[in-house]
Amino acid sequence: MKVVSFRLWGRFAHFRKFWTTTSSLSYPFPPPTAVRGILVAILGFSKREYIEKTRPFKVAVEILKPPKVIKLGLNFLNTKKLTIRYKNFIRNRQKNGLLHTQTLVEVLKEPEYRIFVTSEDATLLGTLEETLKRGENHYTVSLGWANFLANFEYEDSYSCEPVETTDEVRTVISVSCVQSLEFEENHLVGREIIPTRLSAERKPLSYESVIFSLSAKPLKGVFKNVYLCGERGGIYLF
């Protein structure tokens, strides 16, 4: 099976956890739904068709730098009643500072990832690979929020084979595929529940509990349903 990889990085990122309300917390990596959105920006699919167009893709995410999290207090403006009818009301309230609310937001600083992509559609995967090689994108690529711009760079393609079990994996992996896990000194391991698929209405269809390295190191243990990709080692595809 052919797998294409590219490096993805930026100054800031925010991938909002689906269960957060007032305070926006961020995953330390882009979940599969966000990665497919990035592929859409590169390939240029329209908003109406991109869910179906990206369905053949399977993706894996490797964290290349230990996540650095900063917390910012952002001022938001309540615009629910921002109409002509309420123009004077809004103007007066703005003068008194009564329409603003401050929200605490987690932001990732200088994140860097390696993204692995494969597809059942060989033509689609080939188009993606050629686009990555040229460094082109149809829409602006961002890391969660539109103003958190992303850089990307094509790396390589691999012939990957599934293995029954392996003792090392470099990417985020489903907890259901972890038979045992070895903990090492100064190696931080995280666990989250992430959305993995969206419906045509952009509503989550499935979630998975996953583990990942917060130290940007390979996970050691016994893992199943993993693909070996040459020098890159074991990866898990969503």
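Look up: the structure comes first, before these words.
The structure reproduced in this document is the subject of the present report. (Residues numbered from 1 in each chain as written. Predicted model: local features only at pLDDT ≥ 70, side-chain atom pairs only at ≥ 80, totals over all residues. Heavy atoms only, no water.)

## Side note on the sheet that holds strand β9 (residues 173-174)
For the record, the criterion: Here the rule is simple: two strands pair whenever DSSP picks up at least two bridges between them. Counting from the N terminus, the helices are DSSP H or I runs at least four residues long and the strands are E runs at least two residues long.
The strand order β9-β12-β11 describes an open sheet built from 3 strands, whose pairing is antiparallel. Whereas interior strands pair on both sides, the edge strands pair on one side only; in this sheet they are β9 and β11 (189-198). Looking at chain direction, β11 and strand β12 (residues 204-213) are connected through 9 bridges and run antiparallel. Bridging across to β12, Leu-198 finds its partner in Pro-204.

## Here we look at the layout of surface pockets
To keep it simple, the criterion reads: Computed over the protein atoms alone on a 1 Å grid, cavities are sets of points where a 1.4 Å probe fits but cannot get out and pockets are open sets with protein on both sides within 12 Å along at least five of seven lines; a residue lines them when it has an atom within 4 Å of a point. Grid points are joined across faces, edges and corners, and a volume is the space filled by probe spheres set on the points. For this scheme, ten residues count as nonpolar: Ala, Val, Leu, Ile, Met, Phe, Trp, Tyr, Cys and Pro. Four count as charged, namely Asp, Glu, Lys and Arg, and the remainder, Gly too, count as polar.
The computed volume of the largest pocket comes to approximately 770 Å³. Put simply, the parts of the chain that give the lining of the largest pocket at least two residues each are α1 (32-43) and β11. Top element by residues in the lining of the largest pocket is α1. It accounts for 6 residues. Among the residues forming the lining of the largest pocket, the class breakdown is 15 nonpolar, 8 polar and 4 charged.

## As for the environment of Trp-9
Counted only if it meets this: We call two residues contacting when some pair of their heavy atoms lies within 4.5 Å.
Mapping Trp-9 onto the fold places it in strand β1 (residues 2-10). Once the C-alpha coordinates of Trp-9 and Ser-142 are considered, the two residues, 133 residues apart in sequence, prove to be 9.5 Å apart. Ignoring sequence-local partners within four residues, the contact set of Trp-9 consists of Pro-111, Glu-112, Leu-143, Ala-150, Asn-151, Phe-152 and Glu-153.

## A look at α1
Helical geometry: 3.6 residues make up each α-helical turn, so side chains three or four residues apart lie on a common side. The following threshold applies: Expected span of a helix: the number of residues minus one, times 1.5 Å. Burial classes: relative accessible area under 20% of the type maximum marks a residue as buried, over 50% as exposed, and values in between as partly exposed (1.4 Å probe, protein chains only).
Taking 1.5 Å per residue, 12 residues should reach 16 Å; α1 reaches 16 Å between its end C-alpha atoms and fits that length. The buried count for α1 comes to 10 of 12 residues, which makes it a mostly enclosed element. Turning to α1, its buried residues are Pro-32, Thr-33, Val-35, Arg-36, Ile-38, Leu-39, Val-40, Ala-41, Ile-42 and Leu-43. Following α1 by one or two positions, Gly-44 has its phi on the positive side, about 90°.

## Section: the environment of Gly-10
In this fold, Gly-10 is placed in strand β1. Distance in space between the C-alpha atoms of Gly-10 and Phe-148 is 7.4 Å, their sequence separation being 138 residues. If sequence neighbours within four positions are ignored, Gly-10 has contacts with Glu-110, Pro-111, Leu-143, Leu-149 and Asn-151.

## With respect to the sheet that holds strand β3 (residues 57-63)
The condition that has to hold: The axes are straight lines fitted to the C-alpha atoms, using for helices just the contacting stretch, and the angles between their N-to-C directions are given from 0 to 180°.
The sheet built from 4 strands is open, its strands ordered β3-β6-β1-β7 with antiparallel pairing. Taken across any chain shown, the strands that pair with only one partner, and hence form the sheet edges, are β3 and β7 (150-159). Within this sheet the neighbouring strands show an average axis-to-axis angle of 25°, counted without direction. As paired strands, β1 and β7 are joined by 9 bridges and run antiparallel to one another. The residue of β7 that forms the bridge with Val-4 is Ser-157. Contacts between helix α4 (residues 122-134) and the sheet are confined to β1, β3, β6 (112-119) and β7, with β1 contributing the most and set at about 40° to the helix.

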